[in-house]
Structures are given as structure tokens and as C-alpha cells.
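# Understanding the architecture of this molecule
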Amino acid sequence: MVDAGFIASLLASSIRAGTPLLYATLGETLTERSGILNLGIEGIMITGAFTGFAVSILTGNPWLGVLFAGFAGMALAFIHAFFSITLKANQPITGLMIVLLGLGITGFFGRSYIGEVAVYINPIHIPYLSSLPYVGEILFTHDPLAYIAVILAAVLWFLLFKTRYGLEIIAAGENPEAADSVGVDVDRIRYISTLIGGFLVGIGGAYLSLAYAKLWTEGMTAGRGWICLALVIFSGWMPQRAVLGAYLFGGLDVLSFKLQATGVGISYHLMRMVPYVVTIVVLLFSVIRKRAAFGAPASLGVPYIRGRKQ
Amino acid sequence: MEAILEMRNIVKRFGDVVANDHVNLKVRKGEIHGLLGENGAGKTTLMNVLYGIYQPDEGEIIFEGRKVRFKSPRDAISAGIGMVHQHFMLVPRMNVLQNVILGYRTPSDPLINHKWVESKVEKLSEKYGIDIALYEVVMNLSVGEEQRVEILKALFRDVKLLILDEPTAVLTPQEVDSLFYALKSMTKSGLTIIFITHKLKEALKVTDRITVLRKGKNVGTVITAETSERELARMMVGRDVVMDVAKPEVEFGREVLRVEDLWVKDDRGGFAVKGVSFSIREGEIFGIAGVSGNGQKELEEAIAGLRTPARGKILLDGKDITKLGVEKRNEIAYVPEDRIGVGLAPSLSVLENLMLKDFKKYRKGLVLDYEKMEERAKELIEEFSVKTPSLHSPASTLSGGNIQRLILARELSRSPRLIIASQPTRGLDVAGIDYVRRRLVESAAKGCAVLLISEDLDEIFQISDRIAVIFEGEIRGIMERKEADYERVGYLMAGGLEVAV
């Protein structure tokens, strides 16, 4: 039955399901703000999921898993950065290459880890607060990574809109020529943003295998990377809006399971489609509204070559 | 007076092209030094070398008595050199303050100390009379205001030498006056200014001394007070130049083009042309003055048939052509503002570009009759003196002036009833400008109607019979040339309203 208890548990699961999306969306937001379009999120996430899982098994420490998942994400992001910033290659193509690379590598090395059990990251029930009716369950029964994600969104918002670094990142994404003309090192800014972005996307992947699903299977990201690309647009390249977007999509994701359990007569398969359909609608909407009006960085995906007419 | 800057024997090559060939430039402290030359004379290259954007192949730079070598703009900025580029280097979606401090470290770095920035800007505003709202988003500013932001950006960094690259190109006459006033007051406070231009009148009006470049070489440096327009023109072009296009008296004939209450949308879906009406007669040149971006592009495209108007009518010789496609409007010759993007197919050959509109005439069964086309193309190249390595070179390899001649050759040779010429001389050298204006005047004398759209007021006044001013998509007054003066046209261009007398 759909009652208050059901809603509370749905909201709590939305946050859990939305957290990996939030990490990846924040990472991609930072990357895109600097003018680099990294379509490789799906590949970076799955690599993060696998690396986190494997390192947790090997070391027995899930937090080391998370850290190494970030490094793995960074490594893939470095490939993308090298191709698109140093070699000025076509960014969508390089991004797609990263997707295939990530899925391929993890499929190959991950085979022996299927069905294994790692040390996971478990929820902590915050004393007193978690026993508040409804609110306690929704807000105070999560694992530390879920809380860190929200703090991270705030930090990223502060960095982008309140500091010189943010000004330089945004300028690099809007008009790199202008940034260059006042001595901002555009390539350096783009490298750093892409690498940190990749780190966050990798953590998003580790969250999937170590905290959310608590298992490893091949291709377990199941298109979440693509959803995050839409989420970046949906949130208008604003970290603070990414929080809501990620939880909303997380909610759509878990809704199918929850409704199935209550015996509502909607096809499970139809419900599973919902997040992807909404993704398409968001993309469609953003195309109709035109990117600029939606807040896309003006030079997103355009390589910067000094002295060339842009 | 001591020299603040000396550039000695600067050589800069791009492949086989020598853009700067042993150029020398000596600038005194506190002066406005004009750098005069035609397009492609190497002015901007020289300044980019100074500003650290390019590295010189030979030569040395001495700034404030020390030999310097700037590897990037950052080095030049920290040495005290600022540059306002021809194309503004602003981030449209940021506000003025953010643009001003981009790349700068305020005392609370990495946080941004707004109070500190505000008080510093306030002092600068008082000192130099530059007034600007710090929290306005740049994309809402006028071009003149954007330029003030650029200047403010440089002053904020305490520059000692300020380079301005063609700063008046986009301004209305009134804005030019206030810019000149601000520049003079800046030099009084000890600032040195290098003023790049190809306009003789401006160089004479605002500078103290002028260095002239021609084809990448020094021609000489003169004291402004001791020179004349004629002497400068001779230095710039290398021969005497006739400054006027003779305009014969023409009897105007029947009405050729009539535009009635035309509304046209821009790419973003807003109205760029709002209820424009006018008409042009045989033999008449109708000039539309206005700062770029006030609906000129949409208006010309609507008349040429590239853009469908939302409302209103376009009549050619009394026939309604509002809804006809480009091909059906073959009595209209179109010399577009964007010569390479719209006027040409740059990777096709000169021959193919010349015949672009006449392929149907040269069909031989399923294929084209290249022999006949070549014959005709040779005639056209001769008649319009297009300089090209061969008929089969890609059009993109031609120089700016020759590209425009090629377009004129194709368009004017088809004996049009109406010519739309948009910014037809922008970026051309003196000889090219002269040629294009002469051709337009000749065509009108033969009975063509000419619609001239231009930002260059000299051009509008030189060859138009009637002058209209466009502002934010509206025609703000149509006048006979004899009744018009710069003052009044400039006032209307800046958005002023005509007061009924």
C-alpha cells in the first residue's frame, strides 16, 4: 500500500540510489564548466565500480577501494584530457572511446570477481536523529559517502561561484581566448578540472558496487553514466541543482522495485524504462530550448588553440 | 622626452609570409602614438609580438629601459602592458566585475574581495572618467560599454602602456568622441597609448605622433601636427590616392524595391526587424547606417530570400516576392556581409564560384560545359580585375579584396535590378574600397537600385542618395543625403529619437 511509511522508505532509497549519480554529475559538471565535454562517464563509472570492489577485496578496506576508484577514474579522465586538450582531438569521439575502454577492461578483468563478496560501506544510524519519525529514516540512516556527496556539492558550488578558481574555470569554458588574454592558463585549468571530474565519477562508480548494490557484475552501471550527462544539463551546470536532480532520478530508478513490491499493476519492464525515457525528454527539452539559454558553457567541447579564430 | 618602449628590427614570419620585416617603433612616455597602415600591413602582428602572443623571429624589445622578452600575455601584463583587442576578450555571461578581475588576484585570494575591487574601480573611474555599472552582465552592455570594460580591465592592472587595436571600428561617432576624450585624459595622468588604426582622420585627430607601416615594413614616423591626410595616405598606400568617388547626377526612375511593414525574426526567435518600410528607385543608392547587430543581417537576408519574414511584404518591380525562393529572385544581386561563409563556396575553384548561379545556362546533356564556362569566367576576371593564380585555384586562396571582386563579378554581371551590398568594403585596402564604391555608383548610374548597408559613415555619406538609420530593428528616420549630417545620423544610430520639428 502507498502510505506515509512507503513514501519515507521511497525517499530514503532515492537518496541512496541518487548518490552515485550525484558524484558523477558533480564530476561532469566541473569538467564541462571548464569547457571539456567528457562523454566517457559510463566507462569511468564502471571502472570505478570494479576498481573499488577489487581493492576492497584485496585490502579488506572499502575506503581504500573508494580512493583507488577515484584514481582509476582520474586515469581514464587523463586519457580524455590528453586527447582533447593537448592533441585537440574531437571530444565526443574520445569520450565514446573511454566508454568502450572502461566497459571492455572491466568486463575482462572483472569476470573472476563476479559473485565474490567484498567489505562494504555500511549505513550509520545517527543517534537520536535517526529515530525521528519518517524524517529520521529519510535523512539520517545513510552511509558516510552519501553525506559527503552533499557536502561536496556545496563545496563545488562555493568553488565555482565564490572563488578566483571558479572564475577561471568558468571563463575557460565560456571564452578561453578571453581567459588566455589575461594570463589564465586555459590548458592547465581544463586538465585539472577534467582530472578532478574523473576522480568524482570514479567514486560514483565505487558507490554503486560498495554501498548501493553491494556486488560486482559486468556492465552494472546500466547506462547511469548517460543519465548523468542528462543530469548535468537538467541541473543547468549548477552543483546545487544537481543534488535534487540526482535524487529525483534515483527515485525514478527505485520506484519500479518499490511499486512491484506493493503489487501495483504496472509492468515492471515499463517502470524500468522510466529513468531512461525521462533522460531522453530532458535532452529533447534542452535542444528545443537551445543550449545557451539552458546555461551550457559557450565553448563546451571546442578545443582551444591560441591565435586561431574561434 | 624619454622613450618608454623601443622595438628594434622586429621580424615575424608565418611560413613564407613576412608579416613584420625589420620593423622599428619608438614610443615616448605619455604620448598617444598612432600605428597606421592598411589591413595586412602588420600592425596587429607587431602588437601581438609586443604583448607576448607571438614570439618574434628576430629583433629586440626594450621596455622602460630594460630588454624584455614576453613569453605570454601574462608576462606582458605583469610588466605593465595592456591591450584592448579588436574583438573584445570578454565573457558575455559574467558581470563587469568578474570580467575585470579575471586572472587577477585580489587581497583575499582565492576568495574574491568585492569591496576592495569596488573601491579600486571607483578610484579609477574618478581619475579617468570611466563610468560603468560593476554588477551588470556583460551581454546586456552596448558595444561602447564593452569597450569601457576592456579599458577598465587594463587600467585595473595598473598598466603603463595601453595598446588599442582599431578601437573605433564598432563605435558611433558620439562614442568615438567620448573615447578620444578619455584617452587624452589618461595620457595626462602619465599613461602611454598605442593607437592602431587604418583611418586617417582618427589618427590625425587623437595622436601625438604616427608610425606608418606598409606591407610589413616601416615607412616612417611623423609628428601629427606637422602632417596631413594626403601625406599619410601616400605613406600608407605608397602612391597618391584620390580620396573621392565622383558621383554623377542620376535621374531616378521607377520604383524597383518596396518593403512594407517587414518583420523578421533572428535565429533566437525574437524579432530583429520590426516593421521596416522603405522603397528604392532606379538609379538610387539607399544607404542604411547603423551599428552591426541592429537587424541589418536579418533585413538583408529577408530581401535576398535567405530568411522568411514573419510579416510584411517585399515587392520587386511591383511583383510580390515575399515568399519566393532565392533562385526565383535572380534579379537581385547580393553582396553579403559574410563574404566567405555566404558569398562563396570557399573550397570550390574561382571558376565554379563565378558560375555558381549560372550552372543551368551551361548544361551540356548531363554534364557542365566547362569550356564555355571558362571562356565566360576569363571575361569576368578581366572585366573585374580579379587577381588569381588560375581559374582553378580554390576561392579561399584569394585575398580579401579579390574575394570581393569575385563576388561583384558574379553578382553584377547578371544585370540585376537590385543590388544588396552589405558592409561591402569592410576589411579591404584603400584600392579595394575605392574599386567597390566606384562599381556600386556605376551600377546605379546604369539604372540599378542599390541597397547599401554599412557601419562606415564615410561610406554611407560618400555614395548614398538617401540615408536611413537602423536601430534595434527599426528605421529611425530616412533623409536625403543633402539634409543629413554626421551628428544627426550618429545620434540616431545610438538610439536617439528624431524630434518632430
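Residues numbered from 1 in each chain as written. Chains lettered and ligands numbered in written order. Predicted model: local features only at pLDDT ≥ 70, side-chain atom pairs only at ≥ 80, totals over all residues. Heavy atoms only, no water.

## Looking at the nonpolar core
By size, the foremost hydrophobic cluster in this structure holds 115 residues, and its most contacted members are Ile101, Ile151, Leu162, Leu183 and Met186 of chain B. When residues of this core are assigned to their parent elements, the largest contribution, 11 residues, is made by helix H9 (residues 186-212) of chain A. Setting aside anything within four residues of it in sequence, one finds Leu183 of chain B in contact with Ile32, Leu164, Ile193 and Phe195 of chain B. Core analysis: the second largest hydrophobic core is formed by 49 residues, Leu457, Ile463, Met479 and Val489 of chain B among them. (Core = buried A, V, L, I, M, F, W, Y, C linked by side-chain atoms within 4.5 Å. Buried < 20%, exposed > 50% of the residue type's maximum accessible area, 1.4 Å probe, protein only. Helix = DSSP H or I, 4+ residues; strand = E, 2+ residues; numbered from the N terminus. Contact = heavy atoms within 4.5 Å.)

## Examining the packing of aromatic side chains
Enumeration over the complete set of coordinates arrives at 18 aromatic pairs over all chains. Taking the centre distance of 4.9 Å and the plane angle of 80 degrees together, the rings of Phe108 of chain A and Phe109 of chain A count as edge-to-face. Considering the side-chain rings of Phe234 of chain A and Phe249 of chain A, the 6.0 Å spacing of their centres and the 70 degrees angle between planes classify their relative orientation as edge-to-face. Taken together, the residues Phe234 of chain A in helix H10 (residues 224-234) and Phe249 of chain A in helix H11 (residues 239-262) connect sequence positions 15 residues apart. Each residue in the set Phe78, Phe82, Phe83 and Tyr191 of chain A is aromatic and connected to the rest through ring pairs, giving one cluster. Between the NZ or CZ atom of Arg405 of chain B and the centre of the ring of Tyr435 of chain B, over which it lies, the distance is 4.2 Å. (Phe/Tyr/Trp six-rings, centres within 6.5 Å; stacked < 30°, edge-to-face > 60°. Lys NZ or Arg CZ within 6 Å of the ring centre and 35° of its normal.)

## Quick look at the domain arrangement of chain B
Residues and elements named next belong to chain B. What the domain assignment lists for chain B is domain 1 (3-237), domain 2 (252-331 + 419-501) and domain 3 (338-415). Taking only C-alpha atoms, the centre of domain 1 and the centre of domain 2 are 34 Å apart. Taken residue by residue, the interface counts 10 residues in domain 1 and 14 residues in domain 2. Across the contact surface, domain 1 and domain 2 share one residue pair in polar contact (both at pLDDT 80 or more). Listing elements by their share of the side of domain 1 that touches domain 2, those giving two or more residues are helix H6 (173-188) and helix H8 (229-237). Residue classes in the side of domain 1 that touches domain 2 are distributed as five nonpolar, three polar and two charged. (Domains from an automatic or database assignment. Polar contact = N/O pair within 3.5 Å; in protein donor to acceptor, adjacent residues only side chain to side chain. Nonpolar A, V, L, I, M, F, W, Y, C, P; charged D, E, K, R; others polar.)

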